[in-house]
Amino acid sequence: MDNRVVDLQEVEVLQHGDVSVLSDVNLTITEGEFTYLVGKTGVGKSSLIKLLYADLPLKKGKASVANYDLATIKHKEIPLLRRNIGMVFQDFNLLYDRDIEANLAFVLQATDWKNKTEIDQRVHEVLEAVNLKEKRKAKPHQLSGGEQQRVAIARALLNKPKLILADEPTGNLDPEVSDEILELLHNIALQGTAVLMATHDYRLINKYPGTVYGIENHTLEKRTMFS
């Protein structure tokens, strides 16, 4: 059985239509694999992530994400692809005019969940998974940065994705809280969801090992050793 969640072969990542950011990208991520994407700011980490959730088009190479072919995917299929991908950003992107339960319910309603009982149950499940059940009626401004990022991870889990894409999720957090977020993401991977995390915090990589890909000179390379 093929357990590849991400499979990129000789891909070129383009911005603004024709500006090459990365070339000859080969990347494979399997179910339950925790993968780091490292490199300096501006080298193309976020652009590669955007390609994976079809925010940037694939014009060269072969790419499959969650069993969707990015070369042939139709515009109407992109929302279906994205339901298989959970997104976690450096900025939490929460709705500050409503409580945490309502934030999460809004996402489910926007992805065609209709049954209120099922919505409530799924919200309860993901809040339990990130240990925030007692904060369900709090609004985002009442939470710490780490708690807000946990809500963002809960949001990413709502539709039971095959892949979590985390773009610098600890960038605004202090080291102790960053460790808590990494431990949570690692536990998610252990349960079978692939995780790709872009970071420049090498301390985390040494503390929480995973597969490491580095970007340098417009190329992506797998690193067998990291220190």
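Since we're looking at a predicted model, the values are computed, not measured.

Participant: What exactly am I supposed to notice about the nonpolar core here?
Facilitator: Taken as a class, soluble globular proteins show a tendency for nonpolar side chains to be buried jointly. Grouped together as the largest cluster of nonpolar side chains are 41 residues, with contacts concentrated most on Tyr36, Leu104, Ile153 and Leu185. When residues of this core are traced back to their parent elements, those giving at least two are strand S3 (34-38), helix H3 (100-110), helix H4 (116-129), helix H5 (145-157), strand S7 (163-167), helix H6 (175-190), strand S8 (194-199) and helix H7 (202-207). Other than its neighbours up to four places away in sequence, leucine 185 contacts Phe34, Ile153, Ile164, Ala166, Pro169, Val195 and Met197. In terms of nonpolar packing, the next biggest core, distinct from the first, is built from 36 residues, Val6, Ile49, Ala63 and Ile73 among them.

Participant: How do you make sense of unusual backbone geometry when you look at a structure like this?
Facilitator: Phi angles above zero are rare outside glycine, and glutamate 168 is one such case at about 50°. Along the chain, glutamate 168 falls in the loop between S7 and H6. By relative accessible area, glutamate 168 is classed as buried at 11%. Despite not being glycine, histidine 218 shows a phi value in the positive range, around 65°. You can see histidine 218 is positioned in the loop between strand S9 (211-216) and strand S10 (219-223).

Participant: So what exactly am I meant to see when it comes to the pairing of S7 here?
Facilitator: The buried fraction of S7 is high, at 5 of 5 residues. In S7, alternate side chains face the same way, and those of Leu163, Leu165 and Asp167 on one face and Ile164 and Ala166 on the other are all buried. Judged from the 5 bridges that link them, strand S6 (residues 85-89) and S7 form a sheet pairing that is parallel. Residue isoleucine 85 lies in a different strand from S7, and its bridge partner there is leucine 163. Sheet topology places S7 next to S8; 5 bridges connect them, and they run parallel. The residue of S8 that forms the bridge with isoleucine 164 is valine 195.

Participant: Help me understand the layout of surface pockets, please; the structure alone is not making it clear to me.
Facilitator: Vacant regions in the atomic arrangement are exposed by a probe of water-molecule size rolled over the atoms. Of the volumes computed, that of the largest pocket is approximately 560 Å³. Looking at the lining of the largest pocket, its residues break down into 13 nonpolar, 5 polar and 3 charged.

Participant: Even after reading the chapter, I still don't get the environment of asparagine 187, so can you show me in this structure?
Facilitator: Within the secondary structure, asparagine 187 is located in helix H6. A residue is classified by how much of its surface remains accessible, and asparagine 187, at 35% relative accessible area, is partly exposed. Taking the C-alpha atoms as reference points, asparagine 187 and phenylalanine 34, 153 residues apart in sequence, are found 9.7 Å from one another.

Participant: Explain the pairing of strand S2 (residues 19-30) here, please?
Facilitator: Walk down a regular strand and you will see the side chains alternate between the two sheet faces. Looking at chain direction, strand S1 (residues 4-15) and S2 are connected through 8 bridges and run antiparallel. By the bridge assignment for S2, aspartate 7 is matched with threonine 28. The hairpin formed by S1 and S2 contains 3 residues between the paired strands, and histidine 16 there has a positive phi angle of roughly 55°.

What counts, and at which threshold
- In every chain, residue numbers begin from 1 and rise along the written sequence.
- The model is predicted, so local features are restricted to residues of pLDDT at least 70 and side-chain atom pairs to those at 80 or more, both for listing and for counting; the totals for chains, interfaces and linings are taken over all residues.
- As a rule here, side-chain values come from all non-hydrogen atoms in the structure, and water together with hydrogens is ignored.
- By nonpolar core we mean a set of buried residues, namely Ala, Val, Leu, Ile, Met, Phe, Trp, Tyr and Cys, connected to one another through side-chain atoms within 4.5 Å.
- Burial classification: accessible surface area is computed with a 1.4 Å probe over protein chains only, and a residue below 20% of its type maximum counts as buried, one above 50% as exposed, and the rest as partly exposed.
- A run of DSSP states H or I qualifies as a helix once it reaches four residues; a run of E qualifies as a strand once it reaches two. Both are numbered from the N-terminal end.
- Two residues qualify as a contact provided that any one of their heavy atoms is within 4.5 Å of a heavy atom in the partner residue.
- Being paired, for any two strands, means DSSP has found at least two bridges between them.
- Here a cavity means grid points, on a 1 Å grid over the protein atoms only, where a 1.4 Å probe fits yet cannot get out; a pocket means an open set of points with protein on both sides within 12 Å along at least five of seven lines; lining residues are those with an atom within 4 Å of a point.
- Grid points are joined across faces, edges and corners, and a volume is the space filled by probe spheres set on the points.
- Gly is put with the polar residues, along with every residue not named as nonpolar or charged; the nonpolar set is Ala, Val, Leu, Ile, Met, Phe, Trp, Tyr, Cys and Pro, and the charged set is Asp, Glu, Lys and Arg.

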